[in-house]
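Structural overview
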Amino acid sequence: MANIAEYRFRDYDDRTRAKDKIYSECGGSSSYSDTSGNSDSPYGLYITDECTNAGLAAKIAEANGGARS
């Protein structure tokens, strides 16, 4: 599994909402993995190459407050 995009979130709940939606819409738990982010946005999320619709996953991440890094 390879990471194809990273999104960072300021809020844990925003990342959790994005993960839940990506899980149900884009192929389950293999569609993403957690990362630590940075000091300004400490909750990170990788979209992986096992995601069935990476474009939709990116839109979901952004709609829930994720910023591409």
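Let us look at the structure shown here. Since this is a predicted model, take the numbers as computed values, not measurements. (Residues numbered from 1 in each chain as written. Predicted model: local features only at pLDDT ≥ 70, side-chain atom pairs only at ≥ 80, totals over all residues. Heavy atoms only, no water.)

1. Focus on helix α2 (residues 54–63)
In an α-helix, one full turn covers 3.6 residues, which means residues spaced three or four apart are oriented alike. Of the residues making up α2, those classed as buried are Ala57, Ala58, Ile60 and Ala61. Buried residues of α2 fall within an arc of 160° about the axis and therefore sit on the same side. Exposed residues pointing more than 90 degrees away from the buried face of α2 are listed as Lys59 and Ala63. As for α2, its buried residues are in contact with β1 (3–9), α1 (12–25) and β3 (43–48). Just downstream of α2, Gly65 is the residue with a positive phi angle, here 95°. (Buried < 20%, exposed > 50% of the residue type's maximum accessible area, 1.4 Å probe, protein only. Helix = DSSP H or I, 4+ residues; strand = E, 2+ residues; numbered from the N terminus. Arc of directions from axis to C-beta. Contact = heavy atoms within 4.5 Å.)

2. Quick notes on the environment of Ala67
Looking at the element boundaries, Ala67 is found in strand β4 (residues 67–68). Distance from Ala67 to Pro42, taken between C-alpha atoms, is 12 Å for residues 25 residues apart in sequence. Among all residues touching Ala67, those that are not within four sequence positions of it are Glu6, Tyr7 and Arg8.

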